[in-house]
Amino acid sequence: MTHDEYHSLSAIGRSALVTFAQSPAHFWHQFLNPQAEPKTPTPAMLFGSAFHAYVLEPLEYKLKYVEAPSGSKVSKAYRQAEEKATAEKQILLPMGTNAQCHQLSLALQDHPMAHKILSAQGFKEATFLTACPETDLEVKCRVDCITDSGWVVDLKTTQNASPDAFVKT
């Protein structure tokens, strides 16, 4: 199931539940309001999504992401790259993102536990659907990877991997 197919499912996911816990009005505005502006991902979110695809779905990364040319965002080359990416339904990444993703993926390969888990047999981008036994509400989740031996992986990027800071990001 693709990322877009997962998000089009009518079942409720974690973010929707967290938003509803904030208030039903917040939930309505974010998920049901037909006039709500779509959320624009922050540069950190964009990088996280790109890195996630680079590591877990390399073909998806090659199809979905394209790197911007060097130079100013107002240059002709940049505007043309932006137009081409939009026309081909690709995401334009800042220059240097490919190299950064590559370096970080090498760091994952060098880490014994991360390498063992990420190279284990299993399923990447596994979707789970069920109904809550108490409310009968359909719920969904999507895990980055679930190995045949039972490891559930949630790949994240962060600026600070200390336990306190990581929990906050």
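Everything below is about the structure printed above this text.
All of the points below concern the structure found in this document. If you're wondering where the values come from, they're calculated on a predicted model, not measured in any experiment.

Further remarks concern unusual backbone geometry. In terms of backbone geometry, most residues other than glycine have negative phi values and most peptide bonds are trans. Positive phi values are uncommon outside glycine, yet lysine 89 reaches one of about 55°. Structurally, lysine 89 is set in the loop between α6 (76-87) and β2 (91-93). Even without being a glycine, glutamate 125 presents a positive backbone phi close to 55°. Mapping glutamate 125 onto the fold places it in strand β3 (residues 122-131).

Contact geometry of helix α2 (residues 14-22) with helix α3 (residues 24-32) gives a least axis separation of 5 Å together with a crossing angle of 135°. Considering their axes alone, α2 and α3 lie oblique with respect to each other. Across the interface between the two elements, Ser15, Ala16, Thr19, Phe20 and Gln22 of α2 pack against Pro24, His26, Phe27, Gln30 and Phe31 of α3. Grouping the constituent residues of the contact of α2 with α3 by class yields 5 nonpolar, 5 polar and no charged.

Analysis parameters
- For every chain, the first residue of its written sequence is number 1, and the numbers climb from 1 along that sequence.
- The predicted nature of this model means local features are confined to residues of pLDDT at least 70 and side-chain atom pairs, given and counted, to a pLDDT of 80 or more, with totals for whole chains, interfaces and linings taken over all residues.
- Side-chain measures were taken over the full set of non-hydrogen atoms in the model, leaving aside hydrogen atoms and water.
- Helix numbering and strand numbering both begin at the N terminus, where a helix is a DSSP run of H or I of at least 4 residues and a strand a DSSP run of E of at least 2.
- Angular values range over 0 to 180 degrees, each being the angle between N-to-C directions of two axes fitted as lines to C-alpha atoms, with helices fitted over their stretch in contact.
- An angle counts as roughly parallel when it lies under 35 degrees, as roughly antiparallel when it exceeds 145, as roughly perpendicular when it falls between 65 and 115, and as oblique in every other case.
- Contacts were defined at the residue level, with two residues in contact if any of their heavy atoms lie within 4.5 Å.
- Each residue gets one label: Ala, Val, Leu, Ile, Met, Phe, Trp, Tyr, Cys and Pro are nonpolar, Asp, Glu, Lys and Arg are charged, and the others, such as Gly, are polar.

Note that every value here comes from positions in space, so none of it alone points to a role or purpose.
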